[in-house]
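# Residue-level structural notes
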Amino acid sequence: MSGVLVALDVGGTGMKCALVSPSGEIVHAERHPTGADRGPEAVTAAILDIAEGLAGKARAEGLRPVAAGVAVPGVVDEDRGVAVWSSNVGFRDVPLRDLVAARLNLPAALGHDVRAGGLAEARLGAGRGAAHVLFVAIGTGIAAAHIVAGRGFTGAHGAAGEIGHVVVRPGGAPCGCGARGCLEAEASAAGVARRYAALAGTPATAAEVVAKAAAGDQLAQQVWRQTIEVLADGLLTAQALCDAEVIVLGGGLAEAGDALLDPLRTALRDRLTFHREPVLARATLGDEAGCVGAALLALDVA
Ligand SMILES: [Zn+2]
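Let us look at the structure shown here. Note that this is a predicted model, so its numbers are computed, not measured.

## A closer look at the coordination of the zinc ion
The coordination sphere of the zinc ion, as far as protein atoms go, consists of His-165 (ND1), Cys-175 (SG), Cys-177 (SG) and Cys-182 (SG), spread over 2.0 to 2.4 Å. In this structure, the zinc ion is coordinated by four donor atoms arranged in tetrahedral fashion, with angles at the metal of 103 to 122°. Along the chain, the residues donating to the zinc ion fall in the pattern H-x9-C-x1-C-x4-C.

Shown next, in the form of structure tokens:
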């Protein structure tokens, strides 16, 4: 009977759940609403039910579940297996790893969603073969994961990688964290949309801004150029701290592809002095990276 990993990637609105082979292939996938509005106890109960359901599904199909991995947003203490704090799901010191292990009677691992995604990109995706990978997810927010030799760097409090709150424009746009001019406030997909709306007087999503810029809309081109400049400032700081071999860009804004990567590569190169230039690459695992990463965390404890 072949072994399989139970993996859940818990987001603010939805959970991506899967049975994953030890080589990282998704053999069965499910999506469920997170239901964060029902409170953290209900979300925790749903996670346990779904994980148990996946393990049952594996056995019904003649597979042997060998471990479970769960990735969650916020501050995560991976050593203790505790979801310490999350703004969008509401976790406060939830011992998720032990709860999952007890319910499934299997070894379990708890990880951070962006670090799990970075782990998957580093081991199996765009960072494959590199020992020092920085994964930067640019979506509604911006966060990073520094993966060294196939392991995510967590920091002392499970809060490493918050590149979104590096201040790149002092006194700039207000950020959800309470500061001003954070990378996330200036250059996330939400930040791009906000700057375009302020300039053009009409709303547009970040993807629409990219499309308008490509079609010759001057305001959109201005907003996109500013976005590239701000991101390059943020990545310069990241490179100074991490000295990455490959920087993998993921999240919704990376869907812009070469319209993001080509000018960003140039803008970053212009800023580098003594630093070594990293390879800039687009993530290859898409929105399944977090779930595959949760499975890799499970594999490490199986
Ligand atoms: Zn901030």
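There is more to say after this.
## Considerations on the side chain of Thr-227
Here Thr-227 is to be found in helix 7 (residues 218-242). Note on Thr-227: relative accessible area 0%, which makes it buried. A polar atom in the side chain of Thr-227 sits 2.7 Å from the backbone oxygen of Val-223. In contact with Thr-227, other than residues within four places in its own chain, are Ala-187, Val-192, Arg-195 and Leu-253.

## Details of helix 3 (residues 113-124)
Between its first and last C-alpha, helix 3 extends 16 Å over 12 residues, near the 16 Å set by a 1.5 Å rise per residue. In terms of burial, helix 3 is largely enclosed, as nine of its 12 residues are buried. Buried residues of helix 3: Val-114, Arg-115, Ala-116, Gly-117, Gly-118, Leu-119, Ala-120, Glu-121 and Ala-122, and no others.

## Observations regarding the sheet that holds strand 12 (residues 246-250)
By definition, the strands of a sheet pair up through backbone hydrogen bonds, in either a parallel or an antiparallel sense. Ordered in space as 11-10-9-12-13, the five strands form an open sheet in which the pairing is mixed. A single partner strand is all that each edge strand has here, and the edge strands are strand 11 (151-152) and strand 13 (279-282). Bridge count for strand 10 (residues 142-148) against strand 11 is two bridges, and the pairing is antiparallel. Bridge pairing links Ile-147 to Gly-152 in strand 11. Packed on one face of the sheet, helix 8 (residues 258-271) meets strand 12 and strand 13 and runs near 170° to strand 13.

How each quantity is defined
Residues numbered from 1 in each chain as written. Predicted model: local features only at pLDDT ≥ 70, side-chain atom pairs only at ≥ 80, totals over all residues. Heavy atoms only, no water. Donors = N, O, S within 2.8 Å, 3.2 Å for Na, K, Ca; no water. Tetrahedral: all angles 85-135°; square planar, octahedral: opposite > 155°, others 65-115°. Helix = DSSP H or I, 4+ residues; strand = E, 2+ residues; numbered from the N terminus. Buried < 20%, exposed > 50% of the residue type's maximum accessible area, 1.4 Å probe, protein only. Polar contact = N/O pair within 3.5 Å; in protein donor to acceptor, adjacent residues only side chain to side chain. Contact = heavy atoms within 4.5 Å. Expected span 1.5 Å × (residues − 1). Pairing = 2+ DSSP bridges. Axes fitted to C-alpha atoms, helices over the stretch in contact; angles between N-to-C directions.

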